[in-house]
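Single-letter residue listing:
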Amino acid sequence: MTDSRQAINDLKERMGRSIIGQKEVVERLLLTLLCDGNVLVEGLPGLAKTRAVKSLARNLESEFSRIQFTPDLLPSDITGSEMYLGEDAKERFIFQPGPVFANIVLADEVNRAPAKVQAALLEAMEERQVTVAGKTHKLMPMFMVMATQNPIEQEGTYPLPEAQMDRVLMHFLITYPDDDSEKSVIRLVRGESNADESTSDADKVSPIAQSAVFEARNEI
């Protein structure tokens, strides 16, 4: 347990370096991950919602995907679809996985897509699988969805029904950080591009292994 605890603390510290003034966001994301759940975050644009989940994926040994929800999105754009290979192929149809087949999935502005599209994601969040053309496809063992909603615009949106919120382990609102934190954010963003150019591959820190998360879950 000591090794996994240290690994999770290291992950928390790494995320905290790039997510300034949003300590609770980092803690709640990690808590959701350790509890094998999903999270719904509400907040105005520019409050590091996307940055937070990208930081988690970057510092953890994981595959990340982002889905931008729009009114014209289709369920197959999330789950994937059957691809036709032709009459002469050994298998005429092959399953092409969608972006939901990742370890960490960002469902950006989930309330902008119709209920049918949301339902495709909800099956994955609850049952950790997707069903396409009558076939069931299992998702990865480590799987978490971070869904976001913009609370200031309601016209043309489809809020998640209360009865479907049980797919979400945690639901919270992000607010603006204090003035000192905002100044630190400006300095951080200004220095990041130069730091990326000057940092060699040898200087980059290896991500935390997924095994640390599974070990920590077993101890909870």
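Small disclaimer: the values here were computed from a predicted structure and weren't measured. (Residues numbered from 1 in each chain as written. Predicted model: local features only at pLDDT ≥ 70, side-chain atom pairs only at ≥ 80, totals over all residues. Heavy atoms only, no water.)

**Regarding the overall build of the protein chain**
Put simply, the rule is: Numbering of helices and strands runs from the N terminus, with a helix taken as a DSSP run of H or I at least four residues long and a strand as a DSSP run of E at least two residues long. The contact rule is simple, with two residues in contact once any of their heavy atoms fall within 4.5 Å. Computed with the Shrake-Rupley method and a 1.4 Å probe, the accessible areas treat only the protein chains shown as cover for residues. When charges are tallied, Lys and Arg are placed among the positive residues and Asp and Glu among the negative ones, while His and the ends of the chain are skipped. In plain terms, the charge of a residue is placed at NZ if it is Lys, CZ if Arg, CG if Asp and CD if Glu.
In terms of regular secondary structure, the protein chain is built from seven helices and nine strands. Dimensions of the protein chain along its principal axes, counting C-alpha atoms only, are 60 × 45 × 40 Å. Restricting the contact set of the protein chain to residue pairs at least 6 apart, pairs at least 24 apart contribute 77%. If you sum the accessible surface of the protein chain, you get close to 12,400 Å²; carbon and sulfur atoms cover 50% of it. Side chains of the protein chain carry 24 positive and 35 negative charges; the gap between the two charge centres is 2 Å.

**A short note on the packing of aromatic side chains**
In plain terms, the rule: The aromatic pairing rule takes the rings of Phe, Tyr and Trp, using the six-membered ring of Trp, and pairs them if the centres are within 6.5 Å, calling planes under 30 degrees apart stacked, those over 60 edge-to-face and the rest tilted. Classification of residues uses two cut-offs on accessible area relative to the type maximum, computed with a 1.4 Å probe and protein chains only: under 20% is buried, over 50% is exposed, and between them is partly exposed. By the criterion adopted, a ring carries a charge over it if an Arg CZ or a Lys NZ lies within 6 Å of its centre and within 35 degrees of its normal.
Within the structure shown, the criterion is met by two aromatic pairs. With 5.3 Å between their ring centres and 50° between their planes, Tyr 84 and Phe 93 make a pair best called tilted. Take Tyr 84: its relative accessible area is 43%, and that puts it in the partly exposed class. Residue classification places Phe 93 among the partly exposed residues on the basis of a relative accessible area of 46%. A centroid spacing of 5.7 Å and a plane angle of 65° characterise the contact between Phe 95 and Phe 101, whose relative ring orientation is edge-to-face. The same class applies to Phe 95 and to Phe 101, which are both buried. One residue, Arg 28, lies across the ring of Phe 172, its end atom 4.9 Å from the ring centre.

**Some remarks on the pairing of strand β7 (residues 135-138)**
What counts here: If DSSP finds at least two bridges between two strands, the strands pair.
Note that strand β6 (residues 129-132) and β7 share four bridges and pair antiparallel. In the strand pairing of β7, Val 130 is matched with His 137.

**What to know about unusual backbone geometry**
With a phi close to 60°, Asp 36 is a non-glycine residue in the positive phi region. Within the secondary structure layout, Asp 36 lies in the loop between α2 (23-34) and β1 (39-42). A positive phi is found at Arg 128, a non-glycine position, where the angle reads about 55°. Turning to its location among the elements, Arg 128 is positioned in the loop between α5 (115-127) and β6. For Arg 128, a relative accessible area of 18% translates into the label buried.

**Remarks on the nonpolar core**
This is how the line gets drawn: Buried residues of nine kinds, namely Ala, Val, Leu, Ile, Met, Phe, Trp, Tyr and Cys, make up a nonpolar core once their side-chain atoms join them within 4.5 Å.
In terms of nonpolar packing, the biggest core is built from 31 residues, with Leu 29, Leu 56 and Leu 60 touching the most fellow members. Secondary structure elements with two or more residues in this core: α1 (2-18), α2, β1, α3 (49-59), β5 (104-108), β8 (144-149), β9 (170-173) and α7 (210-219). A per-element tally of this core places α2 first, with six residues. Listed in part, the 27 residues of the second largest apolar core include Leu 40, Ile 67, Ala 102 and Ala 107.

**Re the pattern of salt bridges**
The test is simple: Counted as salt bridges are all cases of a side-chain nitrogen of Lys or Arg within 4 Å of a carboxyl oxygen of Asp or Glu.
Inspection of the entire model under this criterion finds eight salt bridges. Note that Asp 166 is salt-bridged to Arg 167, the shortest N-O span being 3.2 Å. Linked by salt bridges that have partners in common, Asp 36, Arg 128 and Arg 217 make up one network.

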